[in-house]
Amino acid sequence: MRFLIAAAVLLGWLAGTAAPAAAEDGYVKYYVVADGYAGKPETAAEVAGRFLGGAARAADIVRLNEGRTMSGGIGLTTAGQSLPAGWPLILPWDANGSEVGYGRLPEVVAAKTAAACGPAGPASAGGSWPDEVLGLDRVRSLTRGAGVLVAVVDSGVDRAVPGLAGRVDVGADLTTGRTGDSDCLGTGTAMAGLIASADGGVAPEARIFPVRVTSGPIPADPARVATGIEVALSAGARVIALGSYAGTSAPAVEAMVANAVAHDVLVVAPAGPEGSTPATDGVLRVGSIAAGGATADVSAAGVAEVTAPGVDVTVPGPGESGTRVASDPAYAVAYVAGTAALVRAAFPKLSAARAEQRITQTARGTGLLDPPAALAATNAPESGRVWVAAAPAAGVAIAAAAMFARRRRHALHPKAASLP
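So, here is what we can say about the structure in this document. Here the residue index of a chain counts from 1 through its sequence in written order. The model is predicted, so local features are restricted to residues of pLDDT at least 70 and side-chain atom pairs to those at 80 or more, both for listing and for counting; the totals for chains, interfaces and linings are taken over all residues. Just so you know, side-chain values use all the structure's heavy atoms and leave hydrogens and water out.

**Some details on the nonpolar core**
Working step 1: Only buried residues count toward a nonpolar core, which is a set of Ala, Val, Leu, Ile, Met, Phe, Trp, Tyr and Cys residues joined through side-chain atoms within 4.5 Å. The buried label applies to any residue whose accessible area, calculated with a 1.4 Å probe on protein chains only, is under 20% of its type's maximum; exposed applies above 50%, and partly exposed to all values in between. Core analysis: the largest hydrophobic core is formed by 56 residues, its most contacted members being Ile195, Ile208, Val268 and Tyr335.
Working step 2: Helix and strand definitions here come from DSSP, where helices need a minimum of 4 consecutive H or I residues and strands a minimum of 2 consecutive E residues; each element is numbered from the N-terminal end. Looking at this core, the element that brings in the most residues is helix α10 (residues 329–346), giving 12 residues.
Working step 3: The next biggest cluster of nonpolar side chains, apart from the first, holds 26 residues, and it includes Ala237, Ala260, Val265 and Ala269.

Have a look at this one:
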């Protein structure tokens, strides 16, 4: 019996360490990744549990697929990494199940996967309400964000998108160890477009440093998020925009956020339930709103220090997918990060904490981001107060909880009452 067990383990190990190139030249066992399983994206660990008797065999799957690339040029490096639908995954020889295939890898399926990277469909119209509400046309004559590097910590950024051409650095992909200037999920590209696109970005002369911490629509590993913030800091980012998949509640992330703030970097993050976003000076917590002013996430209403459009917003998609109207709290973060880039460009000696003050204390009504007000009197001494003319009514009713959040925060972190 011990011999049989040992033999089975040996066969499994041999299958897991077979050379991937040799396997692809001949017949292999494989599985074509589905759209999802049990309502979640498929991973190597989940596939191993179904076809190899346990998630521990996921390491064998990762080794067998080493050197291969999925859509968007992404490689399989971890057991928990999301797998794109349609991708043929090489399996060890002892894999068993009705969905396990045997033969040469189906190239047609792989080609379909590559073509489907990014949101499909023609360019969309509409979703332009944020420009009107935020008064973005009035700020571009004051400053355009030149000289400010904004890091986008999310799914990477497709540098080939027309409006972002020449504005995106190579960045870093923490899921594969490669560069971060490609994107299949799309949220990172959308954020970058709202921040710095030549086609209507808040700060069209800012530069984007993309950091990919996830390749699928699932929360990123906290260790990756912490490393992503550290990489952005090392790259010289003055503003760091965290996407919806980059959670901030893990101790490692909180520590790295504090480190970034200590180095005078303004970190902008989605507001979540109480305690889910670090209450640290220099961290700007953003709530997402719809065109009618409704708060998109009620649980974040009492935490957000400022609100911005995040529902039904026109954003660029990766590849050749064009623009689309979409909703995500990360898009509200992008509008605020873009405004932060404008403020830091207009006031280069301003600290991150004081830049945050300028944004929150000039917010309109009960918390709506007001870029023109944040940039008013840009020629005034930075030590003096900025006198802001009355902003035109936006016709938007914002949840009053944002005002209470700012008051509570200022009580916890006393600052000078005047703006720089």
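**A few points about the packing of helix α7 (residues 187–196) against α10**
Working step 1: Contact pair α7 / α10: the axes reach a minimum separation of 8 Å and the direction vectors enclose 35°. For the pair α7 and α10, the crossing hand works out as right-handed. Residues Thr187, Ala190, Met191, Leu194 and Ile195 of α7 lie in contact with α10, whose contacting residues are Ala330, Tyr331, Val333, Ala334, Tyr335, Ala337 and Gly338.
Working step 2: Here the residues of the contact of α7 with α10 sort into 10 nonpolar, two polar and no charged. Fitted lines through C-alpha atoms give the axes, limited to the stretch in contact for helices. The angle between two N-to-C directions lies from 0 to 180 degrees. With the far helix as reference, a near helix turned anticlockwise by less than a right angle produces a left-handed crossing, and one turned clockwise produces a right-handed crossing. Should any heavy atoms of two residues lie within 4.5 Å, those residues are considered in contact. Each residue is assigned to one class: nonpolar for Ala, Val, Leu, Ile, Met, Phe, Trp, Tyr, Cys and Pro, charged for Asp, Glu, Lys and Arg, and polar for all the others, Gly among them.

**Some words on unusual backbone geometry**
Working step 1: The backbone of Asp264 sits at a positive phi, close to 65°, despite the residue not being glycine.
Working step 2: Inspection of the secondary structure assignment puts Asp264 in the loop between α9 (251–262) and β8 (266–270).
Working step 3: Taking relative accessible area as the criterion, Asp264 reaches 33% and is therefore assigned partly exposed.
Working step 4: Within the chain, Asp312 stands out as a residue other than glycine whose phi angle is a positive 55°.
Working step 5: Considering the arrangement of structural elements, one finds Asp312 in the loop between β10 (306–309) and β11 (313–316).
Working step 6: Since its relative accessible area comes to 44%, Asp312 is described here as partly exposed.

**Some thoughts on the pairing of strand β12 (residues 323–326)**
Working step 1: The side-chain alternation of β12 yields one buried face, formed by Arg324 and Ala326, and one unburied face, formed by Thr323 and Val325.
Working step 2: Once β11 ends, the chain turns through six residues before running back antiparallel as β12, passing Gly319 with a positive phi of about 65°. By this definition, two strands are paired if DSSP reports at least two bridges between them.

**Concerning a nonpolar patch on the surface**
Working step 1: What goes into a patch is any residue over 30% in relative accessible area without a salt bridge, connected to like charges within 9 Å or, for nonpolar side chains (Val, Leu, Ile, Met, Phe, Trp, Tyr), within 5 Å. Where accessible areas are quoted, they stem from the Shrake-Rupley method and a 1.4 Å probe; at the residue level, only the protein chains shown are allowed to cover. Salt-bridge detection follows one rule: a side-chain nitrogen of Lys or Arg within 4 Å of a carboxyl oxygen of Asp or Glu. Together, Tyr27, Trp93 and Tyr102 make up a nonpolar patch on the protein surface, roughly 400 Å² of accessible area in all.
Working step 2: If you trace the backbone, Tyr102 turns up in strand β3 (residues 101–103).

**Some words on the packing of α10 against helix α11 (residues 352–361)**
Working step 1: The contact between α10 and α11 brings their axes to 10 Å, and the two run at 115°. Relative to α11, the crossing made by α10 is right-handed. Contacts between α10 and α11 pair Val336, Thr339, Ala340, Val343 and Arg344 from the former with Ala352, Ala355, Arg358 and Ile359 from the latter.
Working step 2: By residue class, the composition of the contact of α10 with α11 is six nonpolar, one polar and two charged.

**Looking at the pairing of strand β2 (residues 88–91)**
Working step 1: Here β2 shows a buried face lined by Pro88 and Ile90 and a second buried face lined by Leu89 and Leu91.
Working step 2: Two elements, strand β1 (residues 28–32) and β2, share four bridges in a ladder whose sense is antiparallel. Bridge pairing links Lys29 to Leu91 in β2.

**Here we look at the packing of aromatic side chains**
Given two aromatic rings, their pairing is described by the distance between the two centres and the angle made by the two planes.
Working step 1: Stacked, tilted and edge-to-face pairs are distinguished by plane angle, under 30 degrees for stacked and over 60 for edge-to-face with tilted covering the rest, among Phe, Tyr and Trp rings (Trp via its six-membered ring) whose centres lie within 6.5 Å. In total, this model carries three aromatic pairs according to the counting rule given.
Working step 2: Where Tyr27 meets Tyr102, the ring centres are 5.7 Å apart and the plane angle is 45°; that geometry is what we call tilted. Taken together, the positions of Tyr27 in the loop between α2 (20–25) and β1 and Tyr102 in strand β3 put the pair 75 residues apart, joining distant regions of the chain.
Working step 3: Its relative accessible area of 48% is what places Tyr27 among the partly exposed residues.
Working step 4: By the ring-pair criterion, three or more aromatic residues cluster together here, those being Tyr27, Trp93 and Tyr102.

**Concerning helix α8 (residues 222–235)**
Working note: α-helix, 3.6 residues per turn, so residues spaced by three or four point in the same direction.
Working step 1: With 14 residues, α8 extends 20 Å between its outermost C-alpha atoms, agreeing within 8% with the 20 Å of an ideal straight helix rising 1.5 Å per residue.
Working step 2: For α8, the set of buried residues is Arg224, Val225, Ala226, Gly228, Ile229, Ala232 and Leu233.
Working step 3: In this fold, the buried residues of α8 make contact with β4 (149–154), β6 (207–212), β7 (239–242) and α9.
Working step 4: N or O atoms closer than or at 3.5 Å make up a polar contact, with two conditions inside protein: a donor-capable atom paired with an acceptor-capable one, and, for residues adjacent in sequence, both atoms drawn from side chains. The backbone nitrogen of Ala223 has a side-chain oxygen 3.0 Å away, supplied by the residue at the start of α8, namely Asp221. The span one expects for a helix is its residue count, reduced by one, times 1.5 Å.

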